Amino acid sequence: MPRPLGDLEDAVMTRVWQWNRPVTVREVLEDLQQERSIAYTTVMTVMDNLHQKGWVRREAEGRAYRYTAVSTRAAYSAALMNEAWSTSDNPAAALVAFFGMMSAEQREALRDAVRVVQYDDGSGADAAPEPTAPPVAEGESDERPQEPGR
C-alpha cells in the first residue's frame, strides 16, 4: 500500500498524471513556479524520490531524464481508500460514514461505478439466477408446451 504523497510530491505527480506523457524536471519546475518559488534542485530531488519509491519510471535523454507515471491517479486514490477502509474495525460503519460525506454527484458516480463492476464481473454472482423448470414427478412427461413462434 502506498503511503499518502506529501504536498510537493502530490503537486509534482499531479502534473505528471495530467500531462500523461514523459516530462522533464525543467517542465515541472516551470509549471510549479507559476504557483510558488521553488528551486530546480528541489524538484529534481522530489522526482528522484518519486522514482525511488516506484511512482515514476525514468529514461535518460541526454544529461536529463524524462519521467513517466507508473500508475494513474485513480489507482492511487483507490489504493488509499482501500487502505483506509481495510484498517477500520467496523468496515460497514466506515462505508456508511464515507457515503454520508459524499455529494449528490459523488453518490451518482458511485452508483455508476457499482453498475460497471457488476456488469464487468462476468461471474454472474450479482445477476439474478436463471429460472429453472420444476422437477418432473415419476411417470410424468418432461415435455413442456412451447411458446408460440418457437
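The protein chain is annotated in an unreviewed UniProt entry as BlaI/MecI/CopY family transcriptional regulator of Streptomyces virginiae. Within the UniProt record for the protein chain, the comment given under Sequence similarities (unreviewed entry) is "Belongs to the BlaI transcriptional regulatory family."

A few words now on unusual backbone geometry. The phi torsion at Asn20 lies on the positive side, around 50°, for a residue other than glycine. Topologically, Asn20 is positioned in the loop between helix H1 (7–19) and helix H2 (25–32).

Next up on the list: a nonpolar patch on the surface. A cluster of nonpolar residues, Met81, Phe98, Phe99 and Met101, forms a patch on the protein surface that exposes about 420 Å² of accessible area. Considering every element that reaches the nonpolar patch, the biggest residue donor is helix H5 (residues 91–101), with 3 residues. By secondary structure assignment, the location of Met81 is in helix H4 (residues 73–86).

What follows covers the packing of aromatic side chains. Here the distance between the centres and the angle between the planes together describe a pair of aromatic rings. In the structure shown here, the tally under the stated rule is 4 aromatic pairs. Summarising the aromatic geometry, the rings of Trp55 and Tyr76 are spaced 5.1 Å apart at their centres and angled 80° between planes, so their arrangement reads as edge-to-face. Placement of the pair is Trp55 in the loop between helix H3 (40–52) and strand S1 (56–61) and Tyr76 in helix H4, with a sequence separation of 21 residues. Relative accessible area serves as the criterion here: at 10%, Trp55 is assigned to the buried category. Relative accessible area serves as the criterion here: at 6%, Tyr76 is assigned to the buried category. Three or more aromatic residues joined by ring pairs make a cluster, and in this case those are Trp17, Trp55 and Tyr76. When the ring centre of Tyr65 is taken as origin, the NZ or CZ atom of Arg58, which lies over that ring, is 4.2 Å away.

Here we take up the pattern of salt bridges. Side chains bearing opposite charge may pair, as long as their charged atoms lie close to each other. Going through the model one piece at a time under the given rule, you end up with 10 salt bridges. In this structure, Arg73 and Asp10 form a salt bridge, with 3.2 Å as the shortest nitrogen-oxygen distance. Of this pair, Arg73 sits in helix H4 while Asp10 sits in helix H1, placing them 63 residues apart in sequence. By relative accessible area, Arg73 is classed as partly exposed at 30%. With a closest N to O distance of 2.6 Å, Asp112 and Arg115 form a salt bridge. Highlighted residues: Asp112 and Arg115, both in helix H6 (residues 104–121), separated by 3 residues, approximately one helical turn.

Conventions adopted
Residues numbered from 1 in each chain as written. Predicted model: local features only at pLDDT ≥ 70, side-chain atom pairs only at ≥ 80, totals over all residues. Heavy atoms only, no water. UniProt positions renumbered as here; feature names shortened; annotations may be inferred. Helix = DSSP H or I, 4+ residues; strand = E, 2+ residues; numbered from the N terminus. Patch = residues over 30% accessible without salt bridge, like charges linked within 9 Å, V, L, I, M, F, W, Y side chains within 5 Å. Areas by Shrake-Rupley, 256 points an atom, 1.4 Å probe, with all protein chains shown as cover. Salt bridge = Lys/Arg side-chain N within 4 Å of Asp/Glu carboxyl O. Phe/Tyr/Trp six-rings, centres within 6.5 Å; stacked < 30°, edge-to-face > 60°. Buried < 20%, exposed > 50% of the residue type's maximum accessible area, 1.4 Å probe, protein only. Lys NZ or Arg CZ within 6 Å of the ring centre and 35° of its normal.

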